[in-house]
Amino acid sequence: AEDLFVSMGEVRVRYRFHNRTAKDVTTLVAFKLPDITAPSDIDNFVIPDPKADANFLDFRTTVDGAPVTMQVEQRAFALGIDRTNMLKRLGLPIAPQNAAQGKLIGQLPDATQEKLREFGMIRYEEYSTGGTMRRVALPLWSAHTTFYWKQTFPAGRDVIIEHRYTPSVGGSVQT
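This write-up is about the structure you can find in this document. (Residues numbered from 1 in each chain as written. Predicted model: local features only at pLDDT ≥ 70, side-chain atom pairs only at ≥ 80, totals over all residues. Heavy atoms only, no water.)

**Focus on the pairing of strand β12 (residues 158-165)**
Then, in step 1: For strand β2 (residues 11-18) and β12, the ladder comprises 8 bridges, and the chain directions are antiparallel. Within β12, the position partnered with H18 by the bridge is D158.
Then, in step 2: As paired strands, strand β5 (residues 60-63) and β12 are joined by 4 bridges and run antiparallel to one another. Each residue of the ladder has a partner; that of V63, found in β12, is I161. (Pairing = 2+ DSSP bridges. Helix = DSSP H or I, 4+ residues; strand = E, 2+ residues; numbered from the N terminus.)

**Looking at the packing of aromatic side chains**
Then, in step 1: Counted by the stated rule, this structure contains 6 aromatic pairs.
Then, in step 2: Through a chain of ring-to-ring contacts, the aromatic side chains of F31, F59, F147 and Y165 assemble into a single cluster.
Then, in step 3: It is R12 that lies over the ring of F5; its NZ or CZ is 4.0 Å from the centre.
Then, in step 4: R83 extends its terminal NZ or CZ atom over the ring of F119, reaching a point 4.3 Å from the ring centre. (Phe/Tyr/Trp six-rings, centres within 6.5 Å; stacked < 30°, edge-to-face > 60°. Lys NZ or Arg CZ within 6 Å of the ring centre and 35° of its normal.)

**Quick word on the nonpolar core**
Then, in step 1: Residues L33, F59, V63, M70, W149, I161 and Y165 are the most contacted members of the largest nonpolar core, which totals 18 residues.
Then, in step 2: For this core, the secondary structure elements donating two or more residues are β2, β3 (25-32), β11 (142-153) and β12.
Then, in step 3: Residues A76, I94, I122 and A143 belong to the second largest nonpolar core, which totals 14 residues. (Core = buried A, V, L, I, M, F, W, Y, C linked by side-chain atoms within 4.5 Å. Buried < 20%, exposed > 50% of the residue type's maximum accessible area, 1.4 Å probe, protein only.)

**Here's the deal with the pattern of salt bridges**
For side chains bearing opposite charge, pairing can occur when the charged atoms are close.
Then, in step 1: A complete count under the given rule lists 10 salt bridges for this structure.
Then, in step 2: R60 is the partner of D58 in a salt bridge, and the nearest nitrogen-oxygen pair spans 3.1 Å.
Then, in step 3: Owing to a relative accessible area of 36%, D58 belongs among the partly exposed residues under this scheme.
Then, in step 4: A salt bridge links E125 to R123; the nearest nitrogen and oxygen atoms lie 3.8 Å apart.
Then, in step 5: Where salt bridges share partners, they join E10, R12, D58, R60 and R164 into one cluster. (Salt bridge = Lys/Arg side-chain N within 4 Å of Asp/Glu carboxyl O.)

**As for the sheet that holds strand β6 (residues 66-67)**
Then, in step 1: Across the sheet, 5 strands lie side by side as β1-β2-β12-β5-β6; this open sheet has antiparallel pairing. For this open sheet the edge positions go to β1 (2-6) and β6, each flanked by a neighbour on one side alone.
Then, in step 2: Bridge analysis of β1 against β2 gives 5 bridges, and the strand direction is antiparallel. Along β2, the bridge assignment pairs F5 with R12.

**Quick look at unusual backbone geometry**
Then, in step 1: Positive phi values are uncommon outside glycine, yet D64 reaches one of about 50°.
Then, in step 2: Positionally, D64 belongs in the loop between β5 and β6.
Then, in step 3: Residues other than glycine seldom take positive phi values, yet L79 does so here, at roughly 55°.
Then, in step 4: In this structure, L79 sits in the loop between β7 (71-78) and β8 (81-82).

**Considering the side chain of R83**
Then, in step 1: Topologically, R83 is positioned in the loop between β8 and α1 (84-90).
Then, in step 2: Buried charged residue R83 carries no salt bridge. Nearest counter-charge: D82, at 7.7 Å.
Then, in step 3: Excluding residues within four positions of it along the chain, R83 makes contact with A76, A78, F119 and M121. (Lys, Arg positive; Asp, Glu negative; His and termini not counted. Contact = heavy atoms within 4.5 Å.)

**Some details on the sheet that holds β7**
Then, in step 1: Taking strand neighbours across the sheet as the criterion, the 4 strands line up as β3-β11-β7-β8 in an open arrangement whose pairing is antiparallel. A single partner strand is all that each edge strand has here, and the edge strands are β3 and β8.
Then, in step 2: Two strands pair when backbone bridges link them, and β7 and β11 are joined in this way by 7 bridges, in the antiparallel orientation. From the neighbouring strand, A76 faces β11, where its bridge partner is A143.

Structural data, given as structure tokens:
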């Protein structure tokens, strides 16, 4: 069974799993968060914690009321290609919405920035700060984030798994 609550302040999902077999079942349970790109002038949305890397939505899980320690996998994709290892080698956060991202990219050598641009990972935006033109690099990759853990479902029993997180809300000028 599934109960879902959605508001602008919180998303809560409550699952009731019943193991109808005579044996305990242990398996991997995973929950994928929405893919995230960097906010832009086209996509106007709010990330609850723009400084966070993996847990930008404050995702939490309990099993039968007890908090679960989860693992997290986060991958970066640009133009459909996994570029996670490239970002790690450069010391850049995987989360494109990270508030420090533009500054960190701007500190890379010009040749490295050009390579990122050629791979469809960044674009530049220029703007004036009252006379002086500034150029800032904007990330174009998306972050795919999945939380997971190993769960045992005891024979003949219900297990209640609950997730809570802060939604990312917003809109677009086109809509």
